[in-house]
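# A structural walkthrough
Residue strings, one per chain:
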Amino acid sequence: MAPGAARRPRRKAGRRVRSSPLAGARDRSAEDWWWDRLAPSGSEYHLLQADSMLLVLPGLGPSRARSRARKRASRSAQRRQSGSVPAAKSRPRPRPRPQPEPAPVPKQGPDVGWGDRIPLEVLVQIFRLLVAADGPMPFLGRAACVCRRWNEAASQPALWHTVTLSPPLAGRAVKGRVKAEKKLLASLEWLMPNRFSQLQSLTLIHWKSQVHAVLKVESTAVVSFLEEAGSRMRKLWLTYSSQTTAILGALLSSCCPQLQVLEVSTGINHNSTPLQLPVEALQKGCPQLQVLRLLNLMWLPKPSGQGVALGPGFPSLEELCLASSACNLVSNEVLGRLLHGSPNLRLLDLRGCTRITPAGLCDLPCQELEQLHLGLYGVSDRLTLVKEGSSLLTQKWYHTLRELDLSGQGFSEKDLEQALAAFSGIPGGSHPALCSLNLRATRVTPNTVSSVISSCPGLLYLNLESCRCLPRGLKRAYRGMEEVQWCLEQLLTSHASPKLGGS
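Residues numbered from 1 in each chain as written. Predicted model: local features only at pLDDT ≥ 70, side-chain atom pairs only at ≥ 80, totals over all residues. Heavy atoms only, no water.

## What about the sheet that holds strand β12 (residues 347-349)?
With mixed pairing, 10 strands are arranged side by side in an open sheet as β6-β7-β9-β11-β12-β13-β14-β15-β16-β17. Bordering the open sheet on either side are β6 (235-239) and β17 (477-479), each of which pairs with just one other strand. Strand-to-strand twist across the sheet, computed as the mean angle between neighbouring axes with direction ignored, equals 5°. Pairing between strand β13 (residues 371-373) and strand β14 (residues 403-405): 3 bridges, direction parallel. Opposite H373, over in β14, you have D405 as the bridge partner. (Pairing = 2+ DSSP bridges. Helix = DSSP H or I, 4+ residues; strand = E, 2+ residues; numbered from the N terminus. Axes fitted to C-alpha atoms, helices over the stretch in contact; angles between N-to-C directions.)

## A few points about the packing of aromatic side chains
Counted by the stated rule, this structure contains 3 aromatic pairs. Residues F127 and W150 carry aromatic rings whose centres are separated by 5.4 Å and whose planes lie at 75° to one another, so their mutual orientation is edge-to-face. Taken together, the positions of F127 in helix α5 (residues 120-134) and W150 in helix α7 (residues 148-154) put the pair 23 residues apart, joining distant regions of the chain. The same class applies to F127 as to W150, namely buried. Each ring, one from Y478 and one from W486, has its centre 6.4 Å from the other, and the planes form 40°; the classification is tilted. The buried category is assigned to Y478, whose relative accessible area is 0%. (Phe/Tyr/Trp six-rings, centres within 6.5 Å; stacked < 30°, edge-to-face > 60°. Buried < 20%, exposed > 50% of the residue type's maximum accessible area, 1.4 Å probe, protein only.)

## What about the pattern of salt bridges?
All chains considered together, the criterion is met by 9 salt bridges. Across the salt bridge formed by R440 and E465, the nearest N and O atoms sit 3.4 Å from each other. A residue pair is termed long-range when its members are at least 10 positions apart, and R440 in the loop between β15 (436-438) and α16 (446-455) and E465 in the loop between β16 (461-463) and β17 qualify at 25 residues. Owing to a relative accessible area of 25%, R440 belongs among the partly exposed residues under this scheme. Bridged by salt links that share partners, the residues E263, R293 and E319 form one connected network. (Salt bridge = Lys/Arg side-chain N within 4 Å of Asp/Glu carboxyl O.)

Here it is as structure tokens:
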């Protein structure tokens, strides 16, 4: 029944005095008249009246059912007295059998709330959706105060992968703001060892005076966690800062021997501090490493020194990414120290590494490379430095390469022609596996492009932006087999001497 609803009492049954219609109209109000129209006396309807609604519900209530049963009993008694229905012989009532004593009902404790009935796994999944939308703070802190089950679900480290901390607004008074920052810092000191065991990203917004203290707390807690639970650690993502050296030092001390993924990255414009990383020590500390990413870092590898033996290498390494938006200091010698024991390498990303040459890549032990990224982005003199040797790359990996990125490389027209011709000379009549080719801002010619498209029927991406040797209207990126084939048709039907234009 809706709140405030009340059942209108019916008039008691009795003998009704017949009166004139006018007298009945004067005695009854308009409300009574509508009430009888909606639910006449004797009908199977209930009337429930609330403040703003009137409900007519079908069905018999217990009181009306009893009244109708009494009416039926009285009518049958009248018929038996008049002789229309023979009276039934009265039967002796059987003696009541002794009923067994009921078993004692165990006392039930207080009913648990609906929150305790939800399985913990389901509650964690619900919290995961909310955290993905709004972040773990302050929702998880408030949910932990609801009950024990919610506290257990909010304490799962899997919900604390990404955390954003923001101090009070700058509009507050200085005293109150500093006090709130210290309180938040104290909370962070407790959260790091108790909740941030799987922390992957920590973002600080509008922090000024407490930034160094927060970073110190973060690095101290992460290092202590690595030393305690490093044997179970498989993946680690770090945002490079002045405190990252302490964390990398813990890795070099073999605290994470089972680590498989290590990524250290920084912003595009925040790589002024060089990163000192001894290659041989990292190979000894993390021998099971499969993925190594050093992104946008001014990496300064420590020299191995004369007469120093090479490290054990990374025998399980499958991906090496040293991409940077600016020029870094990675050379052929450093790359050889990293990959001399990695025959299973599949992905090599060297974008921005201007000191790497095709001859240095050809000496690597990996024989089944599938993705090779050598693009140069943001280098103003990329077309003035003429290079040679691109054919060494394709002759070594033409049978396995699926993605090749030569964007911005200054190879000559003849050199690129020889390099891409390797995809058309596969023995056995099989087709190459190449499906993505980036030749942006290179000296590739129309004949070379036509040849590589014809030789690679599985090519799904072709970037020809800013290629000055191509005719106008074709210098763009092609996505999908239909667009790539359309480019081939345009090149084949173009004029013998197309108009060349600048990029």
